[in-house]
Amino acid sequence: MSTIGRTKQRQWITKAATSIVALSIASGLASAEDVVIIQPGAPGETATTLSAEEAATIADTSYSIDDVRFMQDMIPHHQQAVEMASLVADRTNTDDIVDISGRIDASQADEIAFMQDWLAQRGEDAPGGHDHHGTHMSHDMMGMATPEQMALLAASDGVSFDELFLTLMIRHHEGAVTMVEDLLDKRGTAYDPVLFEFVNDIVNDQTSEIERMNELLAGLSSDPRAGLAAGFQDAGQAISNLTLITSLPRPDGFFDPENPSDLPPIVPDDEEEEASDSEAETHDHAGHDGHEGHAGHDDAMPAETEVASEETETEDEQSNEGTNWGERSPLLSFSNTDMAFSGDMLIVGNYHGFNIYSLAESDVPELISSVVCPGGQGDVSIVGDLLIMSVEQARGRVDCGRQGVSEDVSEERFRGLRIFDISDPTLPRQVGQVQTCRGSHTHSVVSGPDEDGKIIVYNSGTAFIREEEELPGCIGPVPGDDRTALFRIDVIEIPVDDPMQARIVDSPAVFMDEETGQMAGLWRGGDHGDDTQRTWRTDHCHDITAFPELQIAAGACSGNGVIFDISDPYNPKRIDDVVDQKFAYWHSATFNNDGTKVLFTDEWGGGSRPRCRPSDPMDWGANAIYDIVDGKLEFQGYFKLPAPQSEQENCVAHNGSVLPVPGRDLFVQAWYQGGMSVIDFTDSSNPVEIAYFDRGPIHEERLVLGGYWSTYWYDGKVYGTEIVRGLDVFELSPSAYMSENEIAAAALADQGELFNPQQQFAVTWPNAEPTVALAYVDQLERDAALSEIEVTALTEALASAAAAIESEGRDRRLERRLNSLARDLDVDEASAVIAARMVALQDALTSIADRVG
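Summarised in this report is the structure supplied together with it.

Calculation criteria
Residues numbered from 1 in each chain as written. Predicted model: local features only at pLDDT ≥ 70, side-chain atom pairs only at ≥ 80, totals over all residues. Heavy atoms only, no water. Helix = DSSP H or I, 4+ residues; strand = E, 2+ residues; numbered from the N terminus. Expected span 1.5 Å × (residues − 1). Buried < 20%, exposed > 50% of the residue type's maximum accessible area, 1.4 Å probe, protein only. Arc of directions from axis to C-beta. Contact = heavy atoms within 4.5 Å. Polar contact = N/O pair within 3.5 Å; in protein donor to acceptor, adjacent residues only side chain to side chain. Phe/Tyr/Trp six-rings, centres within 6.5 Å; stacked < 30°, edge-to-face > 60°. Lys NZ or Arg CZ within 6 Å of the ring centre and 35° of its normal. Disulfide = S-S within 2.5 Å. Salt bridge = Lys/Arg side-chain N within 4 Å of Asp/Glu carboxyl O. Lys, Arg positive; Asp, Glu negative; His and termini not counted. Axes fitted to C-alpha atoms, helices over the stretch in contact; angles between N-to-C directions. Parallel < 35°, antiparallel > 145°, perpendicular 65-115°, else oblique. Nonpolar A, V, L, I, M, F, W, Y, C, P; charged D, E, K, R; others polar. Patch = residues over 30% accessible without salt bridge, like charges linked within 9 Å, V, L, I, M, F, W, Y side chains within 5 Å. Areas by Shrake-Rupley, 256 points an atom, 1.4 Å probe, with all protein chains shown as cover. Charge placed at Lys NZ, Arg CZ, Asp CG, Glu CD. Pairing = 2+ DSSP bridges. Left-handed = near helix turned anticlockwise from the far one by under 90°.

### Some words on helix H14 (residues 812-824)
Helix length check: H14 (13 residues) gives 19 Å between terminal C-alpha atoms against 18 Å at 1.5 Å per residue, within 8%. By the burial criterion, the buried members of H14 are Leu 814, Glu 815, Leu 818, Leu 821 and Ala 822. Taken down its axis, H14 places every buried residue within 130° of arc, on the same side. Away from its buried face, by an angle of more than 90 degrees, H14 presents the exposed residues Arg 812, Arg 813, Arg 816, Arg 823 and Asp 824. In this structure, the buried residues of H14 make contact with helix H13 (788-807) and helix H15 (832-852). The opening residue of H14 is Asp 811, an N-cap whose side-chain oxygen sits 3.1 Å from the backbone nitrogen of Arg 813.

Below is the structure:
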């Protein structure tokens, strides 16, 4: 543990002794009463009499059995920290590590003595420091190192010792904080003011020490992304296998000129607060609801909840982890959010509205219009000449006004889907609205426009349920009332010719237990046991990604990953669902190109917390990859950003898209202030990072919500929306992980000139292009599946084919050569991935042969 100080220890001991004396006097007075004291037994048992001392002991509320167990467990916990610190002197000369061990040595003996005295003065057993086997809480929950880890620490030295010492000690300190949180969660605990002061000092001191150690541990990393300099527009940068083409700031009108980096206000310290107390009493502090944040599922979590059990946290408790409730949110926010693409048009959503860019003229997007229409999140999709936009916050207005809505119930409030006509992208017009009970956090275009001219959209509302007085039919979490707006998605129909008639046609209870009819049919909230995440209850989907061609959708649904059958888009059916003990909040879902896999993301901490620190678990706040086998989800592996990030950088898995290189499953992904990462998950059980870009934190001391909200591939480039910095555009660069031919093949991919975040279509490649065939050759060479002679023969033949195609000539001899090379490929002995690439290369060779023959 960290330093608390000998003076403070003596104060605790003095206060404890004084408390015991007072209790003794009180007991003496009670014993003077000559009254028979009876303790009845259970029904049918004989009553017993008690002395005044016995009765007072039973009724003593100055401490509880949980207080005793906490102190008894904390003694061996302290002792292990002493043992770890004692190893430092002979194994490292790193000054910071030596300082940490010194602080532990300076405090632990006094603290152990204090806890043993506290227990002894109350007649409770005071264990020795080495009594590890008698703890009431599991060693995992306490963050204690195993005997094997202690032996490994003792056997290491130098940098390896530093890394292991910091990793184990951070977890050890976090365990102490967990022990305090567990204690304070129980009723009647820490009533003793001396104990309450002690446990609060533990949390404050341990938290500060954890921050210092995380910074030290990050500094030991050799990753170029570790320790980047902070700055709004001049932060340090690290890039690998990508080229940054351009960076555009947020447009005028979409940032505060007085605060362009969105720095939150400084919360006054205790002295300042005390100085302003008398003044504050004279002012009216009533204000708007400031619980709406900016990122992930935290931007408007429900204020009203239905608790599944006493073990389940409310949505507010889960979504605002680490929040200082003394801070307030501004009325208007200017955070960039999600993107959609159509033809040569890019639309960037924003809490303040949206911005439309043209991609026609150059590599640099050109802003052509800005639309102010606040309402939160601002996720966008494009269908023809219509733009669909999600609105969730209670401040949203029907008229797109900037002043918000202050009344609890108002006809002016808008929460749901806005519909804009963007046939003239320089002058968008709002032409339709669909009000929903929980607003619209995200939405998914599922089908249309079909022959009947209608678009079907699934709406995912994650926020509080509005008053029925404001929108009839909105029923809150009334126990036993199945009309509740929880546990549902909205199926919305939009007529293209008359968007004003858009409406909700159904709100199916997609999480219902089909056998019992219970609405809450999936995960009920809470953790999964020791060393697991506390996972959100499944009462909504955050994202639903539709794959219309395959008639399936993947739902990242708060506490579960779900697969839906959408063959009837009006009537989605749940066909499989999974839980994951490492997931806190199922946030988004992306299929691979052929729909045989789903990559789910976990938004641990809600997107506003630093969750990529070097001590954070590599399977929390990560991606989980599932294969789809016979309609069922089968877990394969995790991937998390490998570069350590600082306490000043909100970082967790967020939005991304498939990167269309034929023969591979690639994913380009946003990690907020963790930057952007490109991963290869062709081997579902072994995903690997192959490219990245990262900037340092926005501020060197304060955590400012920022970084990439989304990173998507479109028409040969990668686009990333930076929450406060603006818009970035990248190209892939050749590397050992990706060849020039693979990059060129990706640029030939046919996306249908459309990309919506939660809608996927199978990308195709022109099979008769030599570049596509060469991409497969490069992959097979990298796999060592082709001999050098085969690679040379294929490369030469395909170069000749490219020349013949360019000259529009015919070459029968080359045709025969290409067909021969195709027949000679050995597919039978290959692994599944290599065999698939071999078959794809064969098909490409024969198609090219037909083209040149």
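Structure's up, so let's keep going.
### Re the packing of aromatic side chains
Two descriptors summarise a pair of aromatic rings, namely the distance from one centre to the other and the angle between the planes of the rings. One pass over the structure, following the stated rule, counts 20 aromatic pairs. With a centroid separation of 5.1 Å and an interplanar angle of 55°, the aromatic rings of Phe 341 and Tyr 719 are classed as tilted. You can see Phe 341 sitting in strand S5 (residues 336-342) and its partner Tyr 719 sitting in strand S30 (residues 717-722), a full 378 residues away along the chain. In terms of burial, Phe 341 and Tyr 719 fall into one category: buried. Taken together, the aromatic side chains of Phe 583, Trp 586, Phe 600, Tyr 626, Phe 635 and Tyr 638 make up a single cluster linked through ring pairs. The lysine or arginine in question, Arg 225, covers the ring of Tyr 692, its NZ or CZ lying 3.6 Å from the ring centre. Between Arg 415 and the ring centre of Phe 464, over which it is positioned, the NZ or CZ distance is 4.2 Å.

### A word on the environment of Gly 526
Along the chain, the position of Gly 526 falls in the loop between strand S16 (503-506) and strand S17 (543-547). Note: C-alpha distance between Gly 526 and Ala 584 (58 residues apart in sequence) is 9.4 Å.

### So, the state of the cysteines
By the definition in use, this model includes four disulfides. In this model Cys 373 forms its disulfide with Cys 400; the gap between the sulfur atoms is 2.0 Å. Its S-S torsion of about -65° marks the bond between Cys 373 and Cys 400 as left-handed, since a negative value means left-handed. On the criterion of sequence distance, the pair formed by Cys 373 in the loop between strand S8 (366-372) and strand S9 (380-383) and Cys 400 in the loop between strand S10 (386-391) and strand S11 (416-421) is long-range, its members being 27 residues apart. Considered together, Cys 373 and Cys 400 belong to a single accessibility category, that of buried residues. Across the protein chain, the way the bonded cysteines pair up, counted in sequence order, is 1-2, 3-4, 5-6, 7-8.

### Quick word on the pattern of salt bridges
Under the counting rule described, the total for this entry stands at 34 salt bridges. Between Arg 664 and Glu 742 there is a salt bridge; the shortest N-O distance is 3.0 Å. Note that Arg 664 is positioned in the loop between strand S25 (656-659) and strand S26 (666-670) and Glu 742 in helix H11 (residues 740-747), a separation of 78 residues in sequence. Here Arg 664 matches Glu 742 in class, with each residue buried. A salt bridge links Arg 837 to Asp 783, with the shortest nitrogen-to-oxygen separation between them at 2.6 Å. Of the two residues, Arg 837 sits in helix H15 while Asp 783 sits in the loop between helix H12 (770-782) and H13, which places them 54 residues apart along the sequence. Its relative accessible area of 8% is what places Arg 837 among the buried residues. Residues joined by salt bridges that share partners form a network here, namely Arg 664, Asp 680, Glu 742 and Arg 782.

### Points about the side chain of Asp 694
If you trace the backbone, Asp 694 turns up in strand S28 (residues 688-695). Although Asp 694 is buried, it makes no salt bridge; Arg 225 carries the closest opposite charge, 5.5 Å away. Within the structure, Asp 694 has its side chain in polar contact with the side chain of Gln 645 (distance 3.2 Å). In this view, Asp 694 contacts Arg 225, Leu 228, Gly 236, Gln 237, Ala 238, Gln 645, Gln 673, Gly 674 and Gly 675; residues no more than four positions away in its chain are not counted.

### Regarding the environment of Asp 67
By secondary structure assignment, the location of Asp 67 is in helix H3 (residues 65-86). Separated by 129 residues in the primary sequence, Asp 67 and Phe 196 place their C-alpha atoms 9.9 Å from one another. Not counting the four nearest positions on each side in its chain, Asp 67 is found in contact with Trp 118, Leu 183, Gly 188, Thr 189, Ala 190 and Leu 195. A distance of 3.0 Å separates a polar atom in the side chain of Asp 67 from the backbone nitrogen of Ser 64.

### Remarks on unusual backbone geometry
The step from Gly 448 to Pro 449 runs through a cis peptide bond, and the omega angle for that step is 0°. Examined against the element boundaries, Pro 449 turns out to sit in the loop between strand S13 (442-447) and strand S14 (454-460). Not every positive phi belongs to a glycine, and Asp 262 is a case in point at roughly 60°. With respect to the helices and strands, the residue Asp 262 is situated in the loop between strand S4 (242-248) and helix H9 (270-280). Unlike most non-glycine residues, Gln 551 shows phi in positive territory, near 60°. By secondary structure assignment, the location of Gln 551 is in the loop between S17 and strand S18 (552-557).

### What to know about the packing of H3 against helix H7 (residues 158-185)
Their axes nearest at 11 Å, the elements H3 and H7 cross at an angle of 170°. Taken together, the axes of H3 and H7 lie roughly antiparallel to each other. Residues Asp 66, Asp 67, Phe 70, Asp 73, Met 74, His 77, Gln 80, Ala 81, Met 84 and Ala 85 of H3 form the contact with H7, whose participating residues are Phe 165, Leu 168, Met 169, His 172, Gly 175, Ala 176, Met 179, Val 180 and Leu 183. Considered class by class, the residues forming the contact of H3 with H7 number twelve nonpolar, four polar and three charged.

### Focus: the side chain of Glu 647
In this structure, Glu 647 sits in the loop between strand S24 (632-639) and S25. One polar contact links Glu 647 to Arg 613, side chain to side chain, over a distance of 3.3 Å. With near-sequence residues (within four places) excluded, Glu 647 lies in contact with Glu 211, Asn 214, Pro 610, Arg 613 and Leu 703.

### A few points about H15
With 21 residues, H15 should cover 30 Å at 1.5 Å per step; its first-to-last C-alpha distance of 30 Å lies within 8% of that length. By the burial criterion, the buried members of H15 are Ile 834, Ala 835, Arg 837, Met 838, Ala 840, Leu 841, Ala 844, Leu 845, Ile 848, Ala 849 and Val 852. For H15, the elements touching its buried residues are H12, H13 and H14.

### Section: a negative patch on the surface
Residues Asp 344, Glu 361, Glu 366, Asp 715, Asp 750 and Glu 753 make up a contiguous surface patch of negative charge. By secondary structure assignment, the location of Glu 753 is in the loop between H11 and strand S32 (754-755). Of the residues examined, Glu 753 reaches a relative accessible area of 59% and is grouped as exposed.

### Overview of the pairing of S13
Of all six residues in S13, six are buried, a share of seventy percent or more. By the bridge criterion, five bridges tie S13 to S14 in an arrangement that is antiparallel. Along S14, the bridge assignment pairs Ser 447 with Ile 456. Hairpin geometry of S13 and S14 is characterised by an intervening segment of six residues between the two adjacent antiparallel strands and by a positive phi of about 100° at Gly 448.

### As for the packing of H12 against H15
Packing of H12 against H15 brings their axes to within 9 Å, and their N-to-C directions diverge by 150°. The angle between H12 and H15 falls in the class roughly antiparallel. The interaxial crossing formed by H12 with H15 has left-handed handedness. For the pair H12 and H15, contact is made by Pro 770, Ala 773, Tyr 776, Val 777, Gln 779 and Leu 780 and by Ile 834, Arg 837, Met 838, Ala 840, Leu 841, Ala 844 and Ile 848, respectively. Tallied by class, the residues present in the contact of H12 with H15 amount to eleven nonpolar, one polar and one charged.

### Some remarks on the sheet that holds strand S15 (residues 490-495)
Sheet architecture is open: four strands sit in the order S13-S14-S15-S16, paired in antiparallel fashion. Edge strands, defined here as strands with exactly one partner in the open sheet, are S13 and S16. With strand direction ignored, the average angle separating the axes of adjacent strands in the sheet is 35°. Examined bridge by bridge, S14 and S15 share six bridges and lie antiparallel to one another. Each bridged residue has a counterpart across the sheet, and for Ile 455 the counterpart in S15 is Ile 494.

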